[in-house]
Amino acid sequence: AAAAPEAGPGPAWQSKCPWGAPSTTSMSCSLADVMSEQLAKELQLEEENAAFPEVVAAAEGPFITGENIDTSSDLMLAQMLQMEFDREYDAQLRREEKKINGDSKVSISFENYRKVHPYDSDSSEDEVDWQDTRHDPYRADKPTTTPKRGFIGKGKDITTKHDEVLCGRKNTARMENFAPEFQVGDGIGMDLKLSNQVFNALKQHAYSEERRSARLHEKKEHSTAEKAVDPKTRLLLYKMVNSGMLETITGCISTGKESVVFHAYGGNATEDKVIPPECAIKVFKTTLNEFKNRDKYIKDDYRFKDRFSKLNPRKIIRMWAEKEMHNLTRMQNAGIPCPRVVILKKHVLVMSFIGQDQVPAPKLKDVTLSSEDMKKAYYQILNMMQQLYRECNLVHADLSEYNMLWHDGKVWLIDVSQSVEPTHPHGLEFLFRDCRNVSQFFQKGGVAEALNERELFNAVSGLNITADNEVDFQAEIEALEKMNEDHVQNHGKKLSTFSSDGDPPIYDE
Ligand code: ADP
Ligand code: MN
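Residues numbered from 1 in each chain as written. Chains lettered and ligands numbered in written order. Predicted model: local features only at pLDDT ≥ 70, side-chain atom pairs only at ≥ 80, totals over all residues. Heavy atoms only, no water.

Novice: I'm lost on the nonpolar core in this one. Help?
Specialist: One broad rule of soluble globular proteins: the nonpolar side chains tend to lie buried together. Ranked by internal contacts, the top residues of the largest apolar core, which has 58 residues, are Leu364, Ile381, Met385, Phe442 and Phe457. For this core, the leading source of residues is helix 12 (residues 371-390), giving nine residues. Counting residues domain by domain, this core receives three or more from each of domain 2 (228-360) and domain 3 (363-495). Here methionine 385 is in contact with Leu399, Leu431, Asp434, Cys435, Val438, Leu456 and Val460, once residues within four sequence places are set aside. (Core = buried A, V, L, I, M, F, W, Y, C linked by side-chain atoms within 4.5 Å. Buried < 20%, exposed > 50% of the residue type's maximum accessible area, 1.4 Å probe, protein only. Helix = DSSP H or I, 4+ residues; strand = E, 2+ residues; numbered from the N terminus. Domains from an automatic or database assignment. Contact = heavy atoms within 4.5 Å.)

Pasting the structure below:
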C-alpha cells in the first residue's frame with residue numbers, strides 16, 4: 001500500500017485501509033471560500049424558493065440529501081431513518097390505494113393512515129388546541145430556567161447556563177415549541193438531555209419539515225374544485241347544502257386577504273328561518289397571518305375583552321365572523337341597507353346576496369353614476385353613517401367605495417367585521433378615516449355639496465371639534481379618546497357615549 005507520506009501521521013487503520021488513505025486535497029480550501037460558497041448556496045436557495053417553490057420542495061427532497069446537516073449524532077440518524085421509513089410507508093400506501101381503486105368511479109383514500117404530515121390533525125367542537133395543552137397538568141414539570149444573570153447558586157455551587165445537564169434539559173423542553181405536528185416524544189419525561197448541536201439540527205429539521213408540510217398542504221388545497229377552502233370549511237359548506245339550507249354553491253365571488261366570498265342559491269326554509277333566494281357565503285380565512293395586524297380592532301373592543309386573551313388564533317377568526325354577524329344585525333335593525341344574516345357556523349357567515357342572478361352588485365368604485373345618483377348616494381351615505389353611529393352605536397372602520405355596493409338604486413354597506421363602537425380606544429380615529437374616504441370619494445366624484453372630512457366627522461358624531469386643520473383635528477380626536485380611556489381606568493366603565501344626543505342602545509350579546 002502506497003500510503004501517502006505527506007498525509008501526515010494518520011491513525012493506524014488508515015495505512016491498512018484497503019482503499020488507501022482518504023484524499024485530503026479536496027478539503028484544502030480557506031475558510032473564506034467555504035463561507036462564500038455557503039453564502040452563495042443560501043442565496044441561491046432563497047432565490048429559488050421565491051421563484052419556484054414547488055421545485056425546491058422536491059429538490060430538498062428526503063432529509064438525507066441535506067449536506068450541511070450534522071450526521072454525527074445517533075439521534076439524528078435515528079430520526080432520519082424514521083423519516084425515510086415513514087416516507088416509504090406512505091409511498092406503499094399510495095400504491096395500495098391505487099391498486100384497490102383501479103379505475104373504479106368510487107375511490108377510497110388511505111389519507112388518514114399516512115405517517116408523514118397528518119395535515120388535518122385538529123377537529124371540530126370538542127377540539128383540544130395545541131395551545132391549550134401547554135399547561136397540561138399531567139405533564140412532568142419542565143426544567144427550571146436559569147435567571148437572566150446566567151447562573152444559579154452561590155460560591156462553589158454555582159451552576160451557569162452553560163452547564164451541560166441543565167442546558168440539555170432546557171433544549172429538550174424547548175423542543176416542545178416546534179410546530180405542533182412535529183412529534184418530539186416525551187423527552188422531558190425521559191429526562192433527555194440534548195446537546196446544543198443536536199437541538200439545533202433538530203430545530204432546523206423541524207423548521208424545514210414545517211415549510212414542506214405547508215407547501216404540501218397548500219398544493220392540496222389548490223388542487224380541489226373549491227379553491228382556497230380547506231377541507232374543514234368544505235365540510236361545513238357541504239353540510240349546509242346537504243341539510244337543504246342551501247340549494248347549490250355556484251362559485252366564488254371574491255378572494256380577499258382575509259376572506260373568500262361565495263355565491264349560493266338558497267334552499268328550503270326551516271321553521272325559524274327564511275332562506276333568501278340567493279346567498280353570499282363569507283368564509284373567514286383560517287390562515288392566520290393577515291389577521292395578526294387586525295388585533296387592535298378587536299383587542300380593545302370591550303365586548304370581546306374578556307375572551308380575547310384566552311383565545312387561540314382559530315377562535316379569534318371565528319370571533320371576526322361573529323363580530324360581522326352582530327354588527328350586521330344591528331344595522332339591519334336600524335334599517336340600514338346591508339346583507340341580512342342567515343346563519344353563522346364557526347368562521348363561515350351566510351348572508352343574503354346583494355345582486356342578482358349570481359352577479360354581485362358592483363362596488364361604488366366600479367360604477368359610473370349619473371351626477372344625480374352620485375348626489376343621492378352621498379346623502380344616503382351621510383345618513384347611514386349617522387344611523388350607524390347613533391342608532392347602532394358603531395363606526396364602520398373600513399368604509400370606502402370598496403365596501404359599498406350599488407344595488408337597486410341605492411348604496412348597501414358590507415364588510416363590517418372590523419366595525420367597533422365609537423368609544424373603542426381608537427373608534428374616533430377610525431371614524432375620521434372613514435369620513436376622509438367618503439369625503440374624498442364624493443368630492444372627486446363631483447358632488448359639490450359633499451362636506452369635507454372634518455365637517456363630515458362632526459355631522460356624524462355630533463361632536464363639535466372646531467380645529468380647522470387636519471393635524472389639530474386629529475389631536476383633538478386623540479385627546480377625546482384618551483379622556484375616555486382615563487374614564488375607563490378610573491371608573492371601571494366607559495363613558496356612555498361621546499355624543500350628547502340620545503343614549504346608545506344597550507346591546508344584548
Ligand atoms: P373583504 O374583507 O374580503 O373585503 P367583503 O365582505 O368586503 O370582504 O367581501 C368581499 C367582496 O365580496 C365584496 O367586495 C363584494 O364584492 C362581495 N360580497 C361580499 N358580501 C356580499 C354580499 N352579501 N352580496 C354580494 N356580494 C358580496
Ligand atoms: Mn371589503
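Now that the structure has been shown, we can carry on.
Novice: Which parts of the structure should I look at to understand the site of ligand 1?
Specialist: Close contacts around ligand 1 come from 16 residues, with Ser259, Lys282, Ile354, Lys363 and Asp415 the closest. A distance of 2.8 Å separates a nitrogen atom of ligand 1 from a polar backbone atom of isoleucine 354. Measuring from an oxygen atom of ligand 1, one finds a side-chain N or O atom of asparagine 403 at 3.1 Å. Relative to its unbound accessible area of 540 Å², ligand 1 is 90% covered by the protein chains. (Near = heavy atom within 4 Å. Polar contact = N/O pair within 3.5 Å; in protein donor to acceptor, adjacent residues only side chain to side chain. Areas by Shrake-Rupley, 256 points an atom, 1.4 Å probe, with all protein chains shown as cover.)

Novice: Looking at this model, I keep getting lost on the coordination of the manganese ion (ligand 2). Mind explaining?
Specialist: Note on metal sites: the ideal angle is 109.5 degrees for four tetrahedral donors, and 90 or 180 degrees for six octahedral donors. Donor atoms from the polypeptide that bind the manganese ion (ligand 2) are Asn403 (OD1) and Asp415 (OD), placed at 2.2 Å. In this pair, asparagine 403 is assigned in the loop between helix 12 and strand 10 (404-407) and aspartate 415 in the loop between strand 11 (410-413) and helix 13 (427-444), connecting sequence segments 12 residues apart. Here the two residues asparagine 403 and aspartate 415 agree in accessibility, since each one is buried. (Donors = N, O, S within 2.8 Å, 3.2 Å for Na, K, Ca; no water.)

Novice: Is there a simple way to think about the pattern of salt bridges in this case?
Specialist: Under the counting rule described, the total for this entry stands at eight salt bridges. Residue glutamate 449 pairs with lysine 375 through a salt bridge whose shortest N-O separation is 3.2 Å. Separated by 74 residues along the polypeptide, glutamate 449 in the loop between helix 13 and helix 14 (453-461) and lysine 375 in helix 12 bring together distant segments of the chain. Ionic pairing is found between glutamate 453 and arginine 436, a salt bridge with its closest N-O pair at 3.7 Å. Taken together, the residues glutamate 453 in helix 14 and arginine 436 in helix 13 connect sequence positions 17 residues apart. Overall, arginine 436 belongs to the partly exposed group, its relative accessible area being 21%. Via salt bridges that share partners, Lys282, Glu324 and Asp415 belong to a single interconnected network. (Salt bridge = Lys/Arg side-chain N within 4 Å of Asp/Glu carboxyl O.)

No statement about biological role is implied by the geometric values presented.
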